[in-house]
Structure formats: structure tokens, C-alpha cells
Amino acid sequence: MKAFFSKLSQALMLPIALLPAAGIMLGIGGSFTNQSMIDAYNISILQDGTILNNFLQIMTAAGDIVFGNLPLMFAVAVAIGFAKTEKGSAALAAVISFLIMNVVIAKSMAVAGMVDGTSIVLMGNHYQGILTDMLGIHNTMNMGVFGGMIAGAFTVILHNKYHDIQLPDYLGFFGGARFVPIVSAFAALFYGIALVFIWPYIGALFGSIGAGLGELKDAGYGFIASFAFGIIERSLIPVGLHHVFYLPLWQTNIGGSADIAGQVVSGTQNIFFASLANGDYSQFSSTNFMTGKFPFMMFGLPAAAYAMYTLADDDNKKAAGGMLFSIALTAFLTGITEPIEFTFLFLAAPLYYFIHVPLAGISFMLMDLLNVKVGMTFSGGFIDFSLFGMLPGLTGTHNNWYYIPLVGIIYAPIYFFLFRWYIVKFDVKTPGRKGSAVATVSKKDYHDAKAAGKSGGNDAQIDAMIEALGGADNLVDVDACITRLRITVKDGDKVKDNAFWTENLGAKGLVKIGTTGIQAIYGAQAAVYKAAINAKLGR
């Protein structure tokens, strides 16, 4: 089960990777077409009807279309991520499944008399926020990314079963990969109808959960939900399941619903960007499961990296400093913190779970208590902070963005001194300290792996990694996300331990999930090594 969710988490990274670019377009476009900002600074070239304003509106629409169609992207991502072969055929089948599923749902509810205007009727009760328009399909169910994942899941099951099917000669043209979109289309007809009798009740339940969170906040306890979110989200980072946890809150009714410009929008992230595009943050709750990332990602963890640098041996300071500075800068700018977190997680798990994780939870709670309303596309770095916090705040939006650097300035020394204390107290051999190796991949290793990935030729680094995984016969599947090689093996006992990978293969750490799941943390080189290993295996 852990291996399955790890694979799911990896698959979901494909559409998530689109969000920073789309968010930048939406952030810049929405901010610079905000009429209150234009009026406050009397910027004539941004007035409605000017060439620049028209271009920025187009940019806003371009960013918004990505967020509006995330369910379809998730359907494709699940199909690509889990398809054993012919991934292009699986992706096409997922698109067809998703479209047919939604049109079947819309027509079935209309025929059953379940739709009344913009609400759905269940046992005499009217529920808002369950209906939506999707890709030209009017009044289908608003299942968020779950809808895409359902279509993708059915598609990949059928794909893996029928992608190599042999049909009689007179039907031979429709055999193999061509059969998958056909059978997926017919399957969507039936599970679309079935969802009409299932999902509205789930949607009503999600709405109740979202309402419960809202009531908790209104009662003065919303900070408890924020604190719990921060604790759980950071705790799941080591096993790569955090995406599965937070995406429903960001993209469905679990994260709440709000009326933005006459439209019911569900999901914390969707509410934020609808507020950004509309210039109205009045409905955006500070219990948002996003803002709490900024203080510890932009300030806390870079300070922890600096603490590790100060404790490195003099002979190793240059090498350790180069690595620690780069991962600290990555965390500050983009909010991608796994390289820092994995640097100390595998050396001292209590440092991660008993110091870093609670501080992350407190950060979320403080942002809620201070009523900070800043969202993000991907993670809590300076790019998202400037576009979605500082810029709207400076142009008239009351989002309390300035509390982020104020809390961050306090968080930086807390992280610095706690990390220094723990490392010294428990003699943790962080990068460059007491002769410990600087766990990074050399430039030569990178180029060798890249060349091996392109050519499939022999490479000592790749051969050593395959051998450390128990040999080619032990490898079932080799994939990668942003920072990790994600491998499925037949026998996990044949895989070398964490110390071997960090000391001999340049990994930042190794995680074993169950008996068959392996994650080797390599940072940005993970995708390169994936390609090189698969090329060596002839896959």
C-alpha cells in the first residue's frame, strides 16, 4: 500500500509541475489588472482597454485555464504514471474516459431530475458547489482532481490488461494499443452512471467537512486545523505521500468553499486564485493550509543549512558551503526543501520529527492567528511570496503579507540555534563535519549519468547503482520525481543500506518502503539517473 501511494504521489507531480508557470501568469496578470492597484498608483498604461492591460488579461486567462482543467491533467498523469507500457496510448484513453465520464454524469443527472439551477437535489435538500461546467460540459459534477484520478485509474487498469490484446484478423486493426481508448470509452459510460448514485453524497459530505472547518475557524479554533495540517504534511515528506494528503484540501470541498464573484469555488488553492483574479480576498480564509510554509521554507531551513555550514570542518567548509548554499537558495526562492530536509533527516530523524516538524506546525498556526492570506502555486518560496503576497499587498489588498518576513526573522535564529545545539549535543555528522562526506553528486558524475541516459552505454556509476539495487533481475520498475529515484524491486533485502548509498553512490539518503519500495534521494539528478538506469536495462 505504501508503494502504491508513493507511485501515486510521484504521478501527481506531473501536473503539479505546471502550476508554477501558470501561477506566475495568473499572479502577474491578476495583480497588474487589479483596478484598485491601477487607481492607487494612477498607472495610465494599465487602464482597462490599453494594449498592456489587454495583454495582462490574456496572461491571466492563460494561467487560469491551467487551474481550471487540473482534473483532466490529473487523469492523464495517473494514466502515464501507472501504465506499464504504451504510455501515450494510455494518456489518450484517459482524456477520452474523462470526457465521456463527465458528459454521462451531466446527462444522467438531468434525466433523473437531480439538477435545480445551480444546485443538486438529494432527498429534498439542495446542495451548492457540487455542479460545475467542465470543458464545455454543462452541469457535470464538481469532483475536482478526484474526478480526474478516477478516470485515470479506470483507464490504467484497462490499459495494463488490454494494451497487447490480440483480436481476430478481421478486427486486427483495433487490437493492441488501439483497443484501449475504445474499451475505456465504454467503461466510462458505465462508471459515469454509477458515480451519479455515489459522488453527490460524497460531495455533500466534503461540503460538510469544509463547513466544519469554517465553523471551527469562526469559533476561534481554526488555528488548530492549521497546526495539525502543518504537522501531518511535513511528517509525510520522508515517504513522499504529502501530495496525496494536501491536494484534496487544496483542490476539493475538504479545503472549504467560497462564493467568488457569483461562482462557488471549492478547494483552498482554487479559492485563493479565484480571489486573486477577482481582486477580492474577503472570502479567502486564513485557515488556508498554504501560508504556513513561507516562514520555515524561506527563513527557517536556510538558517538550518547555515548552522550546518558553521559546524563543518575547516578543510571541508568550501565543499560543504557550496552544497548547503545551493540547497538553501533553492528553498528560499522556490520552496523546494527536500534537499535540505534529507540532508539531516537520515542523519538524525529526531532532529526532523521533534524539532523541524513541530516548528512547521507552529508556523501554520501563527499564519492563521495573524490572519495572513497568501497562497501559492507549488511551495512557499520567495517567488510565490512576492507574486501572491507582497505584490497584491502593496497594491491595496489587505492580506497581512508583512507578517511572513516578521515571523521569518524570528524563525531563522530559532532554527539556527536549535540545529547547532542538537548537532553538537548528539554529535551528528552533518555534511563536512568530523570528516563526513559532503553528500552530493559531482559534475563528472552528473555528465557521466547524462551521457549514459542518452546513449545507453556502459557507465561505472550506473552499473554500481544497479548492483546496489540487487542487480538487474531484482528491478521491477525505475522512475523518478523531482528529487528521488523511485524504484520497485522484487526483494528489498537485496538492496544496499543507506550508508552504502550516501558514502559510495553520492545519494543524500535512501528510504525503504515496505519490502519492495525504494527511494534514493539525488536531488535534481534523479531524473537523469532514472533515464540512465532504464537505458542500461533496455527499457
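Identification of the chain as PTS mannose transporter subunit IIB from Vibrio rumoiensis 1S-45 is taken from an unreviewed UniProt entry. Its UniProt record gives the chain a comment under Subcellular location (unreviewed entry), which states: "Cell membrane".

Undergrad: Whenever I open this one, the overall build of the chain confuses me. Can you help?
TA: The number of helices and strands found in the chain is 22 helices and 11 strands. Within the chain, the fraction of its 539 residues that count as buried is 52%. Once local pairs closer than 6 in sequence are excluded, the contacts in the chain between residues at least 24 apart make up 69%. Accessible surface computed for the chain: about 22,700 Å², of which carbon and sulfur atoms make up 64%.

Undergrad: Can you walk me through the pairing of strand S10 (residues 509–513) in this structure?
TA: When a strand is regular, its side chains alternate between the sheet's two faces. For S10, a buried count of four out of five residues is recorded, marking the element as mostly surrounded by other parts of the structure. Pairing of S10 with strand S11 (residues 517–521), which is carried by five bridges, proceeds in the antiparallel orientation. Within S11, the residue paired with Val-511 across the bridge is Gln-519. In textbook terms, the turn of a hairpin is the stretch between consecutive antiparallel strands, and for S10 and S11 this stretch comprises three residues, one of which, Gly-514, has a positive phi near 65°.

Undergrad: Sorry, what's going on with the pattern of salt bridges here?
TA: Any two side chains of opposite charge can pair if their charged atoms end up close together. Inspection of every chain in the model, using the stated rule, returns five salt bridges. Note that Glu-233 is salt-bridged to Lys-293, the shortest N-O span being 3.4 Å. Here Lys-293 lies in helix H13 (residues 293–310) and Glu-233 lies in helix H10 (residues 222–235), a separation of 60 residues in the sequence. For the pair Glu-233 and Lys-293, one class covers both residues: buried. Of the charged contacts in the structure, one is a salt bridge between Asp-479 and Lys-530, with a shortest N-O distance of 3.4 Å.

Undergrad: Help me understand H10 in this model?
TA: Residues that lie three or four places apart on an α-helix share one face, since the helix turns once every 3.6 residues. Counted at 1.5 Å a residue, the expected span for H10 with its 14 residues is 20 Å, and the 20 Å between its end C-alpha atoms agrees. Listing the buried residues of H10 in full gives Gly-222, Ala-225, Ser-226, Phe-229, Gly-230, Glu-233 and Arg-234. Looking straight down H10, one finds that the buried residues subtend no more than 145° of arc, so they occupy a single side.

Undergrad: Would you mind showing me how to read the packing of aromatic side chains here?
TA: What characterises a pair of aromatic rings is the spacing of the ring centres plus the angle enclosed by the ring planes. Under the definition given, this model contains 30 aromatic pairs. Here the aromatic rings of Phe-344 and Tyr-352 are separated by 6.0 Å at their centres, their planes lie at 40°, and the arrangement is tilted. The two residues Phe-344 and Tyr-352 agree in class, both being buried. Judged by centre distance (6.0 Å) and plane angle (55°), the ring pair of Phe-385 and Trp-401 falls under tilted. Linking Phe-385 in helix H17 (residues 382–394) with Trp-401 in the loop between H17 and helix H18 (403–425), this pair joins segments that are 16 residues apart in sequence. Residue class for Phe-385 comes out buried when judged on its relative accessible area of 4%. Sitting above the plane of the Phe-173 ring, Arg-178 keeps its charged end 4.4 Å from the centroid.

Undergrad: Looking at this structure, how should I read the nonpolar core?
TA: General note: in soluble globular proteins, nonpolar side chains tend to be found buried as a group. Within the largest apolar cluster, 110 residues are counted, with the highest numbers of intra-cluster contacts made by Met-101, Leu-195 and Tyr-415. In terms of residue count, the dominant contributor to this core is H13 (11 residues). If sequence neighbours within four positions are ignored, Tyr-415 has contacts with Phe-296, Gly-300, Leu-301, Ala-303, Ala-304, His-356, Leu-359 and Ala-360. If you look at the next biggest cluster of nonpolar residues, it comprises 23 residues, including Met-465, Ala-468, Val-489 and Val-495.

Undergrad: Explanation requested: the sheet that holds S11 in the structure shown.
TA: Remark on secondary structure: sheet strands pair via backbone hydrogen bonds, oriented parallel or antiparallel. In space, the four strands of this open sheet follow the order S8-S9-S11-S10, with antiparallel pairing throughout. Across the chains shown, the open sheet's two edge strands, defined by having one partner strand only, are strand S8 (475–480) and S10. On average, adjacent strands in this sheet sit at an angle of 20° to one another, irrespective of strand direction.

Undergrad: What is the right way to read helix H16 (residues 349–369) from this model?
TA: Counted at 1.5 Å a residue, the expected span for H16 with its 21 residues is 30 Å, and the 29 Å between its end C-alpha atoms agrees. Within H16, the axis deviates most sharply at His-356, by approximately 30°, and proline Pro-358 lies no more than four positions further along. Taken as a whole, H16 has its buried residues at Leu-351, Tyr-352, Ile-355, His-356, Val-357, Leu-359, Ala-360, Gly-361, Ser-363, Phe-364, Met-367 and Asp-368. Once H16 finishes, Asn-371 follows within two positions and takes phi at roughly 60°, a positive value.

Undergrad: Where do I start with the pairing of S11 in this structure?
TA: For S11, the tally of buried residues reaches five of five residues, placing the bulk of the element in the interior. Of the two faces of S11, the one holding Gly-517, Gln-519 and Ile-521 and the one holding Ile-518 and Ala-520 are both buried throughout. Pairing geometry for strand S9 (residues 484–489) and S11, over five bridges, is antiparallel. Across the sheet, the residue bridging to Arg-484 is Ile-521, located in S11.

Undergrad: How should the confidence of the model for the chain be read in this particular structure?
TA: In low-pLDDT segments, the atomic positions of the prediction should not be examined closely. Looking at the chain, the pLDDT average stands at 81 and 85% of residues meet or exceed 70. When mean pLDDT is taken per element in the chain, H18 scores highest with 96 and helix H19 (residues 443–455) scores lowest with 47. When the criterion is pLDDT under 50, residues 437–446 qualifies, and its contacts beyond four places in sequence or with other chains add up to 22 contacts. Scored below 50 in pLDDT, residues 452–457 makes 12 contacts in the model with residues more than four places away or belonging to other chains.

Undergrad: Teacher, can you tell me more about the packing of H13 against H16 here?
TA: A packed helix pair is summarised by two numbers, namely the angle formed by the two axes and the spacing between the axes. Running from N to C, H13 and H16 point in directions that differ by 130°, and their axes come no closer than 7 Å. Between H13 and H16, the angle is such that the two are oblique. Across from Lys-293, Pro-295, Phe-296 and Leu-301 in H13, the residues of H16 making contact are His-356, Ala-360, Ser-363, Phe-364 and Met-367. Class assignment of the residues belonging to the contact of H13 with H16 gives a composition of six nonpolar, two polar and one charged.

Rules used in this analysis
Residues numbered from 1 in each chain as written. Predicted model: local features only at pLDDT ≥ 70, side-chain atom pairs only at ≥ 80, totals over all residues. Heavy atoms only, no water. UniProt positions renumbered as here; feature names shortened; annotations may be inferred. Helix = DSSP H or I, 4+ residues; strand = E, 2+ residues; numbered from the N terminus. Buried < 20%, exposed > 50% of the residue type's maximum accessible area, 1.4 Å probe, protein only. Contact = heavy atoms within 4.5 Å. Areas by Shrake-Rupley, 256 points an atom, 1.4 Å probe, with all protein chains shown as cover. Pairing = 2+ DSSP bridges. Salt bridge = Lys/Arg side-chain N within 4 Å of Asp/Glu carboxyl O. Expected span 1.5 Å × (residues − 1). Arc of directions from axis to C-beta. Phe/Tyr/Trp six-rings, centres within 6.5 Å; stacked < 30°, edge-to-face > 60°. Lys NZ or Arg CZ within 6 Å of the ring centre and 35° of its normal. Core = buried A, V, L, I, M, F, W, Y, C linked by side-chain atoms within 4.5 Å. Axes fitted to C-alpha atoms, helices over the stretch in contact; angles between N-to-C directions. Bend = angle between axes of the 7 residues up to and from the residue. pLDDT = per-residue confidence, 0-100. Parallel < 35°, antiparallel > 145°, perpendicular 65-115°, else oblique. Nonpolar A, V, L, I, M, F, W, Y, C, P; charged D, E, K, R; others polar.

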